[in-house]
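Fold and contact review
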Amino acid sequence: MHIHPPKIEYFDLDAKSNTDPKGHLRGVEEYRLTGHGLYMSRPVPGHPHLSHFESWLLPAHGLRVTRQSWHPGHERDYDLYVDVVEISSSGSVWKTVDLYLDLVVRTGRSVTVLDTDELLTALDHGLIQADRAQWALETTYRAVAGIAAHDHDAVRWLAAQGTITTWRRR
């Protein structure tokens, strides 16, 4: 396992850009700001498997919910990928700090937590403080319980919380 500090990503609404954790600047097709968060839709040019992705940054939930579109033959067996993140904004720039834990949602079937080992290793190496790790775990537990209680449907769970997420047509 590669030990790394929390990954930081930037979303600049005015520039219609997304700077990934490695510093790569990407163009964004659409940003949509709502009372619940920020929606982003962008292509993934040059990627061998992934063609497009959409994300909702949801500060009240501490989550980034992503739906990916794959090139034919490279589809994955999940519907949504959910990152546990701290979200902040200043002016037109939003920032996420990824706190290691991820959820894979197979709508109607399951929700799986990934990367608990990364969080614990980062905590052990002083890359994340105990209070942030606890927040990440509590956020994860809350999301898993909510998604499971709504028949493993993250969109339904969010809607029941008053958070409406809409997605582009495929």
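Every value quoted in this text rests on a predicted model; they were computed, and no experiment measured them. (Residues numbered from 1 in each chain as written. Predicted model: local features only at pLDDT ≥ 70, side-chain atom pairs only at ≥ 80, totals over all residues. Heavy atoms only, no water.)

We now examine the overall build of the protein chain. A tally of regular secondary structure across the protein chain gives three helices and 10 strands. Its helices and strands in sequence order give the protein chain the pattern β-β-β-β-β-β-β-β-β-β-α-α-α, from N to C terminus. The principal-axis extents of the C-alpha atoms in the protein chain amount to approximately 40 × 35 × 35 Å. Within the protein chain, the fraction of its 170 residues that count as buried is 44%. (Helix = DSSP H or I, 4+ residues; strand = E, 2+ residues; numbered from the N terminus. Buried < 20%, exposed > 50% of the residue type's maximum accessible area, 1.4 Å probe, protein only.)

Right, let's get into the layout of surface pockets. The computed volume of the largest pocket comes to approximately 1000 Å³. Lining of the largest pocket is provided by 31 residues; of these, Lys7, Glu9, Pro21, Gln68 and Asp83 occupy positions nearest its centre. Looking at the lining of the largest pocket, the elements that each hand over two or more residues are β1 (7-12), β6 (50-58), β7 (63-70), β8 (80-90) and β9 (93-106). Tallied by class, the residues present in the lining of the largest pocket amount to 11 nonpolar, seven polar and 13 charged. (1 Å grid on protein atoms, 1.4 Å probe; cavity = no way out; pocket = protein on both sides within 12 Å on 5 of 7 lines; lining within 4 Å. Points joined across faces, edges and corners; volume = space filled by probe spheres on them. Nonpolar A, V, L, I, M, F, W, Y, C, P; charged D, E, K, R; others polar.)

Its identity as a non-glycine residue notwithstanding, lysine 16 has a phi of 50°, on the positive side. By secondary structure assignment, the location of lysine 16 is in the loop between β1 and β2 (17-19). Despite not being glycine, aspartate 115 has its phi angle at roughly 70°, a positive value. Position of aspartate 115 among the secondary structure elements: in the loop between β10 (110-114) and α1 (116-124).

Ranked by internal contacts, the top residues of the largest apolar core, which has 26 residues, are Leu63, Val65, Val105, Ile128 and Ile147. Mapped by element, the contributors of at least two residues to this core are β6, β7, β8, β9, α1, α2 (130-149) and α3 (154-160). The dominant element in this core, judged by the number of residues it contributes, is β9, at six residues. Each residue touching isoleucine 147, except ones within four places of it in the same chain, is listed here: Leu103, Val105, Val111, His152, Asp153, Ala154 and Trp157. One finds Val28, Phe53, Tyr81 and Ile87 within the second-largest nonpolar core, a separate group that totals 16 residues. (Core = buried A, V, L, I, M, F, W, Y, C linked by side-chain atoms within 4.5 Å. Contact = heavy atoms within 4.5 Å.)

A word on the side chain of threonine 140. Counting through the fold element by element, threonine 140 comes out in helix α2. Given the relative accessible area of 3%, threonine 140 is considered buried. Once residues within four sequence positions are removed from consideration, threonine 140 is found in contact with Val84, Leu101, Leu103 and Val113.

With that settled, consider the pattern of salt bridges. Under the defined criterion, the tally for this structure stands at eight salt bridges. Residue arginine 132 is joined to glutamate 86 by a salt bridge in which the shortest nitrogen-to-oxygen separation is 2.6 Å. Highlighted residues: arginine 132 in helix α2 and glutamate 86 in strand β8, separated in sequence by 46 residues. Classification of glutamate 86 by relative accessible area gives partly exposed; the value is 25%. Of the charged contacts, one joins arginine 156 and aspartate 151 as a salt bridge, the two residues approaching to 3.2 Å between their closest N and O atoms. Taking the relative accessible area as the measure of exposure, arginine 156 reaches 41% and is therefore partly exposed. (Salt bridge = Lys/Arg side-chain N within 4 Å of Asp/Glu carboxyl O.)

By themselves, these figures tell us nothing about what the structure is for.
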